[in-house]
Amino acid sequence: MPNELKKNSMAAIIARPIIRHGSPLRGGIAVPPPGVDFRAGRFGRLFPELKALEVPEAALIALGEAMIEGGSNQTGDNQNIPSGFTYLGQFIDHDITLDNTGIAERIKDVDQVLNFRTPRLDLDCVYGMGPGASPQLYARRKANPALSSARMLLGRTVQGLVGPDVKPDLEFDLPRGIQGRALIGDHRNDENLLVAQTHVAFLLFHNAVARANPDMDFAQVRQQVTWHYQWMVLHDFLGKLVDMNDVATSLRKREFYRFEKLSIYKEPYIPVEFSVAAYRLGHSMVRGGYSHNRVFPDQPFLRSFVFSGLSGNIIGELASDQTNAPIAGEPAVPTLPSDWINDWRRFFDFGTDQGQENGLARNRSRLIDPYLVQAMHELPGGRKGPGVDLSDHPSLAVRNLARGAKMMLPSGQDVARLMKIAPLTPAEIASSGDDGKLAKAHGLHEKTPLWYYILKEAQLRQRGARLGPVGSRILAEVFVGLLVGDPESFICQNEGWTLEKPTWRPTLGEHVGSFAMTDMLRFAYGSKGPAEDVALSPVDVAANKQVPAPAPLPA
């Protein structure tokens, strides 16, 4: 196969994970149309009473292509949100949208109405169906290898590419099969290196909790891990993205995510206004490049797809023949090279200066606004022209707008008015950058696609630091609803729990009663505080270095 053809073929695969922020809909578009009598299955609506916004395809293309950094579209880094939260968001997305429905059920229920998995923040993307039904995810018991233990299985790295001083055989990769496929609860968490390393961190966290509590069985360890994760999502993750007053209000009463009334099963579902619009804020947070670790301090974003088993060149035993490399020009590797292990100090703020060697600042996410980095407008394998479906357009922004139209989402202004929030004025939208001018040229400053509206609202109301009132309320209500609708969540399992008077608090953080992503990473990687935070960068840990260093593999 010619290199160019081979490269383009894999490029399309690289592009695919970027656009699947929110689960693909099994069996096509299985979302009830607008209308007050709709009944939700796995997918549904927050605002069924609102009419769909109809936008000509040419207008969607024009607006999407204008949503790019540069020119009068001024953006920058978000000093409030470290970039690790971008990929924590992707990990959470995969957790709440994992579908374990069997093939037979899918054939019977193509519309996902009768058979569906209730979305929960329960880490089944990590645990699968538990040691009994998913034994491939768990380490064997040393005393009885025929049985699974309470420990999660980890994968081992191979010799680094250009950092030969880092030892191979370190347990900081996803566990993998003989041809490099990840053995994890949700294969999507091997789409790119940054979400894969986030998944590894959760495996390490579970094992650290198990080691610290040898008298606990698997179910007890999982509960502790899951409850701490849920607390972190509610307080730390949402605390970066939304107005916490909206979280407090949603805990008292949800006005719009009314799954108890709207769902045929009276259980949570995924609203399309959330999955196709509000929760796609992460696309605007992606950087064009990242300082990954000491060895790779400046890498383009798309290279993170190379070192994955789903999208890139981790291909197990097939790597013995470099002509098997799916992505031409990049090395094929059996597992993750040791010098690509994340330095978490560069992705989260631990309150110290560690991780800023050589004058490199930490990776901050980009501002939450309508502007995507250039790489998001040049997706490999993208096509445009007469007769080409917009889902194949090279611009991710165009694809997102087209998906919103296909899902019959209402306008941002209609949503704001229904929520009794003062909408952005046409003049505000029209006068804000090249994208605003394009919106006005197509009449979209008066009736605006919901995804674009939510990003524009964040820009104009919060200067891109977090979501504006519409986006904030949607995220707050849905995440609170997912916890309230899960009978196993820490809220439901601890009677009388409120935000003001919590009847359960986390115990594994630096301070009892609080727990952030930085606490989880420190616990998982064995750091007890700033003096030990080098553990958060395994490539810098003395025990993980080798002298003399062997010759590096071809880069």
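Anything mentioned here points back to the structure above.
Residues numbered from 1 in each chain as written. Predicted model: local features only at pLDDT ≥ 70, side-chain atom pairs only at ≥ 80, totals over all residues. Heavy atoms only, no water.

Some points on the overall build of the chain
Working step 1: The secondary structure content of the chain amounts to 20 helices and 8 strands.
Working step 2: Taking all 555 residues of the chain together, 60% fall into the buried category.
Working step 3: Partitioning the intrachain contacts of the chain with sequence separation of at least 6 by distance along the chain shows that 72% fall at a separation of at least 24.
Working step 4: Accessible surface, the chain as shown: approximately 21,700 Å² in total, 53% of it carbon and sulfur. (Helix = DSSP H or I, 4+ residues; strand = E, 2+ residues; numbered from the N terminus. Buried < 20%, exposed > 50% of the residue type's maximum accessible area, 1.4 Å probe, protein only. Contact = heavy atoms within 4.5 Å. Areas by Shrake-Rupley, 256 points an atom, 1.4 Å probe, with all protein chains shown as cover.)

Considering the nonpolar core
Working step 1: Core analysis: the largest hydrophobic core is formed by 143 residues, its most contacted members being Phe 202, Phe 237, Phe 479, Leu 521 and Tyr 525.
Working step 2: Those residues in contact with Phe 479, other than ones at most four positions away along the chain, are Ile 92, Leu 121, Val 233, Phe 237, Leu 238, Phe 274 and Tyr 279. (Core = buried A, V, L, I, M, F, W, Y, C linked by side-chain atoms within 4.5 Å.)

Considerations on helix α9 (residues 244-252)
Working step 1: The complete set of buried residues in α9 reads Asp 246, Val 247, Ala 248 and Ser 250.
Working step 2: Packed against the buried residues of α9 are α8 (218-241) and α18 (469-484).
Working step 3: The N-cap residue of α9 is Asp 243: its side-chain oxygen and the backbone nitrogen of Asn 245 are 2.9 Å apart. (Polar contact = N/O pair within 3.5 Å; in protein donor to acceptor, adjacent residues only side chain to side chain.)

Focus: α18
Working step 1: With 16 residues, α18 should reach 22 Å at 1.5 Å per residue; the first-to-last C-alpha distance of 22 Å fits that figure.
Working step 2: Extensive coverage of α18 is indicated by the burial of 14 of its 16 residues. (Expected span 1.5 Å × (residues − 1).)

Concerning the packing of helix α2 (residues 57-66) against helix α16 (residues 433-441)
Working step 1: In the contact formed by α2 and α16, the axes pass within 8 Å of each other and the chain directions differ by 170 degrees. Viewed along their axes, α2 and α16 adopt a mutual orientation that is roughly antiparallel. Contacts between α2 and α16 involve Ala 62, Leu 63 and Ala 66 from the first element and Asp 435, Leu 438 and Ala 439 from the second.
Working step 2: Partitioned by chemical class, the residues of the contact of α2 with α16 number 5 nonpolar, no polar and 1 charged. (Axes fitted to C-alpha atoms, helices over the stretch in contact; angles between N-to-C directions. Parallel < 35°, antiparallel > 145°, perpendicular 65-115°, else oblique. Nonpolar A, V, L, I, M, F, W, Y, C, P; charged D, E, K, R; others polar.)

Some points on the packing of aromatic side chains
Working step 1: In total, this model carries 31 aromatic pairs according to the counting rule given.
Working step 2: Look at Trp 231 and Phe 490: their rings are 5.7 Å apart centre to centre, the planes differ by 45 degrees, and that puts the pair in the tilted class. With Trp 231 in helix α8 and Phe 490 in helix α19 (residues 490-493), this pair connects stretches of sequence that are 259 residues apart.
Working step 3: Exposure remark for Phe 490: the relative accessible area of 0% places this residue in the buried category.
Working step 4: Summarising the aromatic geometry, the rings of Phe 237 and Tyr 279 are spaced 6.5 Å apart at their centres and angled 75 degrees between planes, so their arrangement reads as edge-to-face. Here the residue Phe 237 occupies a position in helix α8, and Tyr 279 occupies one in the loop between α11 (272-275) and α12 (282-285), the gap between them amounting to 42 residues. Comparing Phe 237 with Tyr 279 shows no difference in burial state: the two are buried.
Working step 5: Following the ring pairs from residue to residue traces out a cluster consisting of Phe 85, Tyr 87, Tyr 290, Phe 301, Phe 305, Trp 344, Phe 347 and Phe 348. (Phe/Tyr/Trp six-rings, centres within 6.5 Å; stacked < 30°, edge-to-face > 60°.)

Considerations on the packing of helix α17 (residues 450-462) against α18
Working step 1: Two numbers describe how α17 lies on α18: the axes approach to 7 Å, and their chain directions differ by 120 degrees. Mapping the contact onto sequence places Tyr 453, Ile 454, Glu 457 and Arg 461 in α17 and Pro 469, Val 470, Gly 471 and Ile 474 in α18.

Quick notes on the side chain of Ser 250
Working step 1: Mapped onto the elements of the fold, Ser 250 is located in helix α9.
Working step 2: Not counting residues up to four positions away in its chain, the partners in contact with Ser 250 are Arg 473, Ala 476, Glu 477 and Val 480.

Concerning the pattern of salt bridges
Working step 1: In this structure the tally under the stated criterion is 31 salt bridges.
Working step 2: Salt-bridge contacts for Arg 294 lead to Asp 540; the nearest nitrogen and oxygen are separated by 2.6 Å. In this pair, Arg 294 sits in the loop between β6 (289-290) and β7 (299-300) while Asp 540 sits in the segment after α20 (517-525), placing the two residues 246 residues apart along the sequence.
Working step 3: One salt bridge in this structure joins Glu 510 and Arg 522, with 3.7 Å as the shortest N-O distance. Of the two residues, Glu 510 is situated in the loop between α19 and α20 and Arg 522 in helix α20; the sequence distance between them amounts to 12 residues.
Working step 4: On the basis of relative accessibility, which here comes to 9%, the residue Arg 522 falls in the buried class.
Working step 5: A cluster of three or more residues bridged by salt bridges with shared partners is formed by Asp 165, Arg 294, Asp 343, Arg 345, Arg 346 and Asp 540. (Salt bridge = Lys/Arg side-chain N within 4 Å of Asp/Glu carboxyl O.)

Some remarks on unusual backbone geometry
Working step 1: One non-glycine residue with positive phi stands out, namely Asp 169, at about 65 degrees.
Working step 2: Its place among the elements puts Asp 169 in the loop between β4 (148-152) and α7 (193-212).
Working step 3: Even without glycine at this site, Met 408 takes up a positive phi of about 60 degrees.

A few points about the environment of Pro 175
Working step 1: Tracing the chain through its elements places Pro 175 in the loop between β4 and α7.
Working step 2: A relative accessible area of 2% places Pro 175 in the buried class.
Working step 3: Ignoring sequence-local partners within four residues, the contact set of Pro 175 consists of Leu 153, Leu 154, Gly 155, Arg 181, Ala 182, Leu 183, Ile 184 and Leu 203.

Focus: the side chain of Arg 346
Working step 1: Within the secondary structure layout, Arg 346 lies in the loop between β7 and β8 (364-366).
Working step 2: With a relative accessible area of 2%, Arg 346 lands in the buried category.
Working step 3: Among the polar contacts made by the side chain of Arg 346, one reaches the side chain of Ser 291 at a distance of 2.7 Å.
Working step 4: Here the side chain of Arg 346 touches Asp 343 through a polar contact of 3.0 Å, side chain to side chain.

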